[in-house]
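Observations on chain architecture
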Amino acid sequence: MQRHYLAVFRWLAAAALAAVWGAAAAQTYPAKPIRFLLPFAPGGIGDITARVVAQKMSDNIGQQVVVDNRPGAGMIISATAALQAPADGYTMLLAGNGTAVTTSLFKSLPYDILRDFVQVSTLASFDLVLLVNSDSRFASLADMLAFARSNPGKLNFGTINPGSTQHLSAELFKSVTGISAQTVPFKATPALVIALRSHSVDVAFDFLPAVLSQLKSNSVKALGVASAARFTGLPDLPTIAEGGVGNYLVSSWNAVSVRADTPRPIVDRLNKEIVAAVNSPEVRQKLQELGANARASTVEQTRELMISEIARWKAVIERAKIERQ
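Residues numbered from 1 in each chain as written. Predicted model: local features only at pLDDT ≥ 70, side-chain atom pairs only at ≥ 80, totals over all residues. Heavy atoms only, no water.

**Some thoughts on the overall build of the protein chain**
So the rule is basically this: In DSSP terms, a helix is any run of H or I states spanning at least four residues, a strand is any run of E spanning at least two, and both are numbered starting from the N terminus. Every radius of gyration here is taken over C-alpha atoms, with the globule rule written as 2.2 Å times N^0.38, N being the number of residues. Exposed residues in this analysis have more than 50% of their type's maximum accessible area, buried residues have under 20%, and partly exposed residues fall in between, with area computed by a 1.4 Å probe over protein chains only. Per-residue accessibility takes into account occlusion by the displayed protein chains alone, with areas from the Shrake-Rupley method and a 1.4 Å probe. Only four residue types enter the charge count: Lys and Arg as positive, Asp and Glu as negative, with His and the chain ends excluded. Note on charges: their place is set at NZ of Lys, CZ of Arg, CG of Asp or CD of Glu.
A count of helices and strands for the protein chain gives 11 helices and 10 strands. Its C-alpha radius of gyration of 22 Å places the protein chain within 12% of the 20 Å reference for a compact globule of 325 residues. Each principal axis of the C-alpha atoms in the protein chain carries an extent, and together these give about 80 × 45 × 30 Å. Counting every position in the protein chain, which comprises 325 residues, the buried fraction comes to 50%. Entry remark: accessible area of the protein chain is about 14900 Å², with carbon and sulfur atoms responsible for 55%. Charged side chains in the protein chain number 31 positive and 24 negative. The centres of these two groups are separated by 4 Å.

Have a look at this one:
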């Protein structure tokens, strides 16, 4: 019995010491640059949005937030590097919707995003848009749906890589609307846009930031955006719900994670700084210009989002009978 009480006492003492250390560390945090690990190469919308927020954080906290691109193997390389770093808040990891998809798409991963990491805050979201050629016979989403229902299997839906959110979004659209169409994946957005403009595919599914310049130049046309409200930067573009499909909401998003054993006071300080950066007028304006929506959240909200998105895309993968890799 005495041993039991002694063990409990030691555990409580260790927990109290950790709490005191965490609170003390948070008072001086950050005292040096913060490394921000990104699981993809420079230049993409995820990289650009992360850099916009990182620069504003640097300005606010007086320490550099240094973006460190670690592309390859999905998120495995960057996640492994984050787990090998100390749990002191000086290494952040960019995760998000792609993380939720790969959690259900791969049979095994060397990390568990919910067990090994704590989700700190979201940064931005990117709405899915349905595109057609500028001279398409479809003037609206209703036109496209009417054709698809009268001509089962005659439509071609273009997306990027199999297993990508865009690809799964096309499968989800078929499931929600009950239409039959062929899904044709391409390596990247440029190839998809070329296929759309050459009439190799009838409809393309991609995220707004990737095709915003083509939309503004009228080289392609949008039938609708899969968001709850119209995108502020394109106020004339209707939502897909306005086009008659009310239960189809799709957006990609990114968020910051840190090691799960990072002291909570430091996690809270990070959340505070991220939220302040994301909600600043200049960051919101810059993200809108890129076709993205500024989106900050609490630690709890970010974890709940990750959990719900993992479950959502798991169901889509199973329904589409996509083989786990």
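Next comes the rest of the write-up.
**Comments concerning the pattern of salt bridges**
Applied cut-off: Salt bridges are defined as contacts in which a side-chain nitrogen from Lys or Arg sits within 4 Å of a carboxyl oxygen from Asp or Glu.
With the rule as written, the count across this model stands at 13 salt bridges. Notably, a salt bridge pairs aspartate 261 with arginine 259, separated by 2.6 Å at the nearest N-O pair. Glutamate 309 is paired through a salt bridge with arginine 312; the nearest N and O atoms lie 4.0 Å apart. Separated by 3 residues within a single helix, glutamate 309 and arginine 312 lie in helix H11 (residues 299–319), roughly one turn from each other. For glutamate 309, a relative accessible area of 9% puts it in the buried group. Assessed through its relative accessible area of 27%, arginine 312 is described here as partly exposed. When salt bridges that share partners are traced, they join Arg35, Asp68 and Arg70 into one network.

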